[in-house]
Amino acid sequence: NLGIDYTGADSGVNTGIFVNTPASAINNVIIEDVRISISGAGIGVGIFFKNAGGTVGNTDINVSSSTYAMGIRGYNDANAVSAVVINIYNSKVEAATSAASGAGYSLAVYAQDYLATKTVTVNVYDSNLKAISTGTTYAYALYGSGGTEAVVNARQSVINGASINGIRYDVYSSDGSP
């Protein structure tokens, strides 16, 4: 059991766990029984898989930011050497932002292909995903971005995008960035 608390995060990028494999693909990172809480002004990311994959299980992630909040981000770029798969099971992932329109967004789980030729796939099982926007911006609970190289799948999960004044999506797929 591991707890990561980051309160009063600065205006930069604040990440709980960062898995980055620029030269070789690591697809078997296992993160289980972890609690991550990040809150502050900058970009908040609970778990960031960059050109890497693995499994997240029995995990509770809560990210709150006045700009960009992301619970779990799976990302492949032009340096990716292989396709990656991220499996999320029995987890609670919540991302919340208070940003104004154009100044940020919240994403509970985000699969992003950024100029990659290798697929990033995120599978969600038996989990609870929630994205909240209390400002006038977007809230995405499960988001796939970047065309055919970003894939999101969900099974037996609660997926909720909630926004008071902005636009919300439970599940969203696009060929560009949010």
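Described below are features of the structure shown in this document. Keep in mind that what you see is a predicted model, and the values were worked out from it rather than measured. (Residues numbered from 1 in each chain as written. Predicted model: local features only at pLDDT ≥ 70, side-chain atom pairs only at ≥ 80, totals over all residues. Heavy atoms only, no water.)

Side note on the overall build of the chain
On a plain count of helices and strands, the chain comes out with zero helices and 17 strands. A globule of 178 residues ought to have a C-alpha radius of gyration of about 16 Å, and the chain, at 15 Å, matches this closely. Every one of the 178 residues in the chain was classed for burial, and the buried ones make up 47%. The long-range fraction of contacts in the chain, counting pairs at least 24 apart against all pairs at least 6 apart in sequence, stands at 82%. About 7600 Å² of surface is accessible on the chain, with carbon and sulfur atoms providing 48% of the total. Here the chain contributes 8 positively and 12 negatively charged side chains, and the mean placements of these two sets differ by 2 Å. (Helix = DSSP H or I, 4+ residues; strand = E, 2+ residues; numbered from the N terminus. Rg over C-alpha atoms; globule rule 2.2 N^0.38 Å. Buried < 20%, exposed > 50% of the residue type's maximum accessible area, 1.4 Å probe, protein only. Contact = heavy atoms within 4.5 Å. Areas by Shrake-Rupley, 256 points an atom, 1.4 Å probe, with all protein chains shown as cover. Lys, Arg positive; Asp, Glu negative; His and termini not counted. Charge placed at Lys NZ, Arg CZ, Asp CG, Glu CD.)

So, the pattern of salt bridges
Any two side chains of opposite charge can pair, given that their charged atoms come close. Counted by the stated rule, this structure contains two salt bridges. Among the ionic pairs, Asp-5 bridges to Arg-35, the shortest N-O distance being 2.8 Å. On the criterion of sequence distance, the pair formed by Asp-5 in strand S1 (residues 2-9) and Arg-35 in strand S4 (residues 34-40) is long-range, its members being 30 residues apart. Owing to a relative accessible area of 51%, Asp-5 belongs among the exposed residues under this scheme. In this structure Arg-35 comes out as partly exposed when scored by relative accessible area, which is 38%. (Salt bridge = Lys/Arg side-chain N within 4 Å of Asp/Glu carboxyl O.)

Details of the nonpolar core
Ile-47, Phe-49 and Ile-72 are the most contacted members of the largest nonpolar core, which totals 32 residues. If sequence neighbours within four positions are ignored, Ile-47 has contacts with Ile-17, Ile-31, Ile-36, Val-56, Ile-61, Gly-71, Ile-72 and Arg-73. Formed by nine residues, the second largest nonpolar core is a distinct cluster that contains Val-45, Tyr-105, Leu-107 and Tyr-143. (Core = buried A, V, L, I, M, F, W, Y, C linked by side-chain atoms within 4.5 Å.)

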